[in-house]
Amino acid sequence: MSSLRNAIPRRAHKERAQPESRKKFGLLEKHKDYVVRAKAYHRKEETIRKLKEKAAFKNPDEFYFKMIKTKTVDGIHRPKPEANKYTEEELMLLKNKDMGYILQTIQSEKKKVEKLSSVLHELDSKRPNKHIYFAEDRNLDARGNCVKMRWRIQHQDLFISGERKGNGKMISMAEK
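Residues numbered from 1 in each chain as written. Predicted model: local features only at pLDDT ≥ 70, side-chain atom pairs only at ≥ 80, totals over all residues. Heavy atoms only, no water.

Named according to an unreviewed UniProt entry, the protein is U3 small nucleolar RNA-associated protein 11 originating from Eleusine coracana subsp. coracana. Checking UniProt for the protein, the heading Sequence similarities (unreviewed entry) contains the comment "Belongs to the UTP11 family." (UniProt positions renumbered as here; feature names shortened; annotations may be inferred.)

(A) Region of the structure containing the confidence of the model for the protein. Mean pLDDT over the protein works out to 76, with 69% of the residues at or above the 70 mark. The low-confidence segment residues 148–176, where pLDDT is below 50, has 50 contacts with residues more than four positions distant or belonging to other chains. (pLDDT = per-residue confidence, 0-100. Contact = heavy atoms within 4.5 Å.)

(B) The arrangement of the pattern of salt bridges in detail. Scanning all chains against the criterion turns up four salt bridges. Measuring nitrogen to oxygen at the nearest pair gives 2.8 Å for the salt bridge that ties Arg-37 to Glu-29. Using a relative accessible area of 49% as the deciding quantity, one classes Arg-37 as partly exposed. We classify Glu-29 as partly exposed; its relative accessible area is 40%. Glu-53 is paired through a salt bridge with Arg-49; the nearest N and O atoms lie 3.1 Å apart. Here Arg-49 and Glu-53 lie together in helix 2 (residues 31–56), a separation of four residues that amounts to about one turn. Linked through salt bridges whose partners overlap, the residues forming this network are Glu-46, Arg-49 and Glu-53. (Salt bridge = Lys/Arg side-chain N within 4 Å of Asp/Glu carboxyl O. Buried < 20%, exposed > 50% of the residue type's maximum accessible area, 1.4 Å probe, protein only. Helix = DSSP H or I, 4+ residues; strand = E, 2+ residues; numbered from the N terminus.)

(C) Geometry of the pairing of strand 1 (residues 70–73). Where strand 1 and strand 2 (residues 76–79) come together, four bridges link them in antiparallel fashion. Paired with Lys-71 across the bridge in strand 2 is Arg-78. Between the end of strand 1 and the start of strand 2, which pair antiparallel, lie two residues, with Asp-74 showing a positive phi angle near 55°. (Pairing = 2+ DSSP bridges.)

(D) Focus on a nonpolar patch on the surface. Taken together, the side chains of Phe-63, Tyr-64, Phe-65, Met-67 and Ile-68 present a nonpolar region at the surface, about 570 Å² in accessible area. Take Phe-63: it is sitting in the loop between helix 2 and helix 3 (66–69). Classification of Phe-63 by relative accessible area gives partly exposed; the value is 44%. (Patch = residues over 30% accessible without salt bridge, like charges linked within 9 Å, V, L, I, M, F, W, Y side chains within 5 Å. Areas by Shrake-Rupley, 256 points an atom, 1.4 Å probe, with all protein chains shown as cover.)

The following block contains the structure:
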């Protein structure tokens, strides 16, 4: 039954307007206006409380170099200008060190490439088939040829001696 009760439209309750006699006092504050104002007030109150707590726990011996290296201009902290921090000789020395580092990294990368390319040179050429023969089931015909032989290629690729026909039947060496 509750679903039918929810289907019926209900009357929207509106807040009353400012009475005529009180118009001189301005707009009547509605509840939603009060909620916004109260939240803003409490947010500001909480910020002030945190700042007071931070100031109470401040260490008087605390020191940062930025305390000396900055100055306030119109209430904004600005770092002091450091135009010529290094001399010309120091700059040249730094540039040479940077070039040496770059050349060293290039050389090490070239060695890595050479090492990898030496490993990869065999990819293009095919490996020769190295067969492993098993002489367990050998049957010799009248001419001494092996009729039945099992063998296997490395890397688990299985083949049968002789040729294969289209239907996949095996042909022994004697039938050739």
